[in-house]
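# Coordinates in review
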Amino acid sequence: MTEVESRPGARAASLDIREALRLMLTIRLFDEQALSLYRAGEMRGTTHPYIGMEAVGVGVMQALRPTDYVSSTHRGHGHTIAKGGDVRKMMAELLGRSTGYSGGKGGSMHIADMEKHMLGANGIVGGGMGLATGAALTAKLQKSGAVAVCFFGDGALEQGILHETTNMAAIWKLPVVYVCENNQYAMSTRSDWSVAGGDPARRAAGYGIPGRTVDGMDLFAVNQAACEFVERARAGDGPAYLVCNTYRYHGHHAGDPLNYREKEEVERWREQDPIERVKRAALDAGVDVAAMEREVAAEIEGAVEFAKNSPEPSVDQLMTDIYA
Amino acid sequence: MTLAQERPVTESLATREITYAEALNEALREEMRRDPTVFVMGEDVAVWGGGGIFGVTRGLVEEFGTERVRDTPISEEAIAAVAVGAAATGSRPVAEIMYVDFIGLAMEPIVNQAAKLRYMFGGKARVPLVIRAQEGAGRGNAAQHSQSLEAWFCHIPGLKVVTPSTPADAKGLLKSAIRDDNPVIFLEHKALYFSKGHVPPEEYTVPLGLADVRRVGRHVTVVGVHTMVGKALQAAERLAEEGIEVEVIDPRTLVPLDEEAIIESVKKTGRLIVSHEAYTRGGYGAEIISRVVEAAFDYLDAPPLRVCARDVPVPYSAVLETAALPQVDDLVAAARALVRNER
């Protein structure tokens, strides 16, 4: 059932273009801000920017209901924002403040919004596989009608857990959609070298489930495929495999030496910028894009201000939240 | 918690004897009846021999169906990982890893997901998960089917670790583990499955974190895990004939550990032996000794001793396996040495 498709401009019925553009802009400005905070020495650890990949997270999330589950990756800011996360609490978490999502205990790689059924970014490549598949098992056992989406990068294509969970989900017909964000590199490792067998979507055939590769820089193509697979899963027909070809404009994280790819390659991908493509469609639909950009910028600035003005966690919080 | 606290199991009015495996089966059955979010998953838990290689899940599929009693593929990492995801979203999975030796394949979701989600998310996640596995030697299963690996899990903040040694504790502790809102590593011992003991017919649970003083004595404290509780009781019988009174403590749960029970006992006896089938080096016995030394050094009349497995892969031959594992004779010799200053 493998097919490769890219249908720029093909709109799926479920897509709210104004909301999608707002979310994509929010993700980009949030992660640009995160990078500058990191470079200014205000963030610890590191940050993995989602910049360039916005169409994937937003395109998929626009196909979901609020009660559907999502598991994410180390590059998780975009998924949290697209699932309706609060950028103020996210920014505060990046700065390790008590008002952050985890009260400063998790940082960039461990932001979750359990109330919104966002099961967290994850510091382990493949760490979200079990979370999404298990959420799908809960949905099936409790007949809640929820679907789970598992985002993972091309690096996770080489992890054993992907095989085990896909196989389990396929034999149990669990309502889960595996979304591979193929941004071409796992740190410095090119996916066209590290992934055997060519197009990863072809693997789906081995599990007897649908697989498809789409242009991950195209919001509408992502959304259309996601809608189809999510509704198929919701109907009880089991998992599917969606591969979105995309690109991270920045390095793996803020400290990436970027000695493994050519500037020309980056420029070629930037020419297909997912936000510019959606902006054109939004303008056609009568959206005041300039005003929206100003609003989003103000929201992100407000988030930074909120985070900077928030207190550090109290040391007496160190040993809390280990056990329920 | 103190020794004087109520100990509902060993002192209860038990009137019937069932096996350790049957007691575990009762716990699963009762909790699945009580709470529809409880379900069982693992390799060969439904079909094989009517449920499980040691019969722990026997008959459950007939009562609860294949949705709640799920045979899985041979995928230990996915068993643990999917169970974590189910637990974080409102289910109470009881996932089985057939032999604890296989759990190396499943360490990532246990150690980095189950144990840490709650903390990493600032207390906003709950992972009410039980992972059952059986460990231990004595059946000639050799190096990859005989280990006792409890120390691996005791090392990780966020996990609880349970090691029942009697049928009554097996049932009461499993019920508590299922009701607990944290990930619990529930380690059974393969040589204990067919041991029989009194199990109260009425509803009861055994709390996590409460040790059981299995025998009272004043000369030396033996803290035993799993089969070493029974061996310590045998050693105590023999030592009593020569006037050495052994106090035998079964911690029942290693995390949380009823430190107070152990420390109070050592304050009385002045001597401590820890004993488990896990390897001596880096074993949990060393942790127990450290805690006692830190808290009650001045009460010690002799250096604490470990009577644990030798640091060798568990051998197949009965002669070699017996030599690798701590035996009653080893406990007797250690206690004599401590009490008579013969070290």
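It should be emphasised that the depicted structure is a prediction, and the values quoted were computed from it without experimental measurement.

### Side note on unusual backbone geometry
Residue and element names in this part refer to chain B. A cis amide bond links Val-255 to the next residue, Pro-256, at an omega of -5 degrees. When you line up the elements, Pro-256 lands in the loop between strand E12 (253-255) and helix H9 (259-269). One non-glycine residue, Asp-44, lies in the positive phi region at around 60 degrees. The residue Asp-44 is located in the loop between strand E2 (38-42) and helix H2 (60-68) in this model.

### Some points on the sheet that holds strand E4 (residues 92-97) of chain B
Residues and elements named next belong to chain B. Here we have 7 strands laid out as an open sheet, ordered E3-E2-E4-E5-E7-E6-E12, and mixed in their pairing. If you trace the sheet from one side to the other, it starts and ends with strand E3 (69-71) and E12, each paired once. Neighbour-to-neighbour, the strand axes of this sheet turn through a mean angle of 20 degrees, independent of strand direction. Summarising the sheet, E2 and E4 pair through 5 bridges and their orientation is parallel. Bridge pairing links Phe-39 to Pro-93 in E4. Strands E2, E4 and strand E5 (130-135) of the sheet are contacted by helix H3 (residues 76-88), whose axis makes an angle of about 170 degrees with E4.

### Considerations on helix H4 (residues 87-94) of chain A
All names here are of chain A. Burial runs high along H4: 8 of the 8 residues are buried. Looking at H4, one finds that the buried residues are Val-87, Arg-88, Lys-89, Met-90, Met-91, Ala-92, Glu-93 and Leu-94. As for H4, its buried residues are in contact with helix H1 (17-39), helix H3 (77-82) and helix H12 (289-308). One or two steps after H4, the chain reaches Gly-96, where phi turns positive at roughly 70 degrees.

### A word on the interface of chain A and chain B
Tallying the contact residues gives 36 residues for chain A and 35 residues for chain B. Mapped by element, the contributors of at least two residues to the side of chain A that touches chain B are helix H5 (127-141) and helix H6 (160-172) of chain A. Among the elements that line the side of chain A that touches chain B, the one with the most residues is H5 of chain A, at 11 residues. For the side of chain A that touches chain B, the residue count by class is 18 nonpolar, 15 polar and 3 charged.

### Points about H6 of chain A
With 13 residues, H6 of chain A should reach 18 Å at 1.5 Å per residue; the first-to-last C-alpha distance of 19 Å fits that figure. All of the buried residues along H6 of chain A are Ile-161, Leu-162, Glu-164, Thr-165, Thr-166, Met-168, Ala-169 and Trp-172 of chain A. Buried-residue contacts for H6 of chain A involve H5, strand E4 (176-182) and helix H8 (203-207) of chain A together with H3 of chain B. Immediately beyond the C-terminal end of H6 of chain A, within one or two residues, lies Lys-173 of chain A, with a positive phi of roughly 50 degrees.

### Quick look at the confidence of the model for chain A
Model confidence for chain A is summarised by a mean pLDDT of 95, while 96% of its residues fall at 70 or above. Predicted confidence is poor over residues 1-11 of chain A, with pLDDT under 50, and the contacts of this stretch with residues over four places away or in other chains come to 30 contacts.

### Some thoughts on the packing of H3 of chain B against helix H4 (residues 107-114) of chain B
Residue and element names in this part refer to chain B. Where H3 contacts H4, the two axes come as close as 7 Å, and the packing angle between them is 25 degrees. Looking at the two axes, H3 sits roughly parallel to H4. Two secondary-structure elements touch here, H3 through Glu-77, Ala-80, Ala-81 and Val-84 and H4 through Glu-108, Pro-109, Ile-110, Gln-113 and Ala-114. Of the residues contributing to the contact of H3 with H4, the split by class is 6 nonpolar, 1 polar and 2 charged.

### Points about the sheet that holds strand E10 (residues 220-224) of chain B
Residues and elements named next belong to chain B. Here 5 strands make up an open sheet; going across it, the order is E9-E11-E10-E13-E14 and the pairing mixed. The sheet is open, and its two borders are formed by strand E9 (212-215) and strand E14 (305-306), each paired with just one other strand. Judged from the 4 bridges that link them, E10 and strand E13 (residues 272-275) form a sheet pairing that is parallel. Counted as the bridge partner of Thr-221 is Leu-272 from E13. Against the sheet, helix H8 (residues 227-241) makes contact with E9, E10, strand E11 (246-250) and E13, and its axis sits at roughly 170 degrees relative to E11, the strand it touches most. Sitting on the sheet, helix H12 (residues 328-339) touches E10, E11, E13 and E14, and the angle it makes with E13 is about 160 degrees.

Conventions we followed
Residues numbered from 1 in each chain as written. Chains lettered and ligands numbered in written order. Predicted model: local features only at pLDDT ≥ 70, side-chain atom pairs only at ≥ 80, totals over all residues. Helix = DSSP H or I, 4+ residues; strand = E, 2+ residues; numbered from the N terminus. Pairing = 2+ DSSP bridges. Axes fitted to C-alpha atoms, helices over the stretch in contact; angles between N-to-C directions. Contact = placed C-beta atoms within 7 Å. Buried ≥ 20, exposed ≤ 12 C-beta atoms within 10 Å, placed from the backbone. Nonpolar A, V, L, I, M, F, W, Y, C, P; charged D, E, K, R; others polar. Expected span 1.5 Å × (residues − 1). pLDDT = per-residue confidence, 0-100. Parallel < 35°, antiparallel > 145°, perpendicular 65-115°, else oblique.

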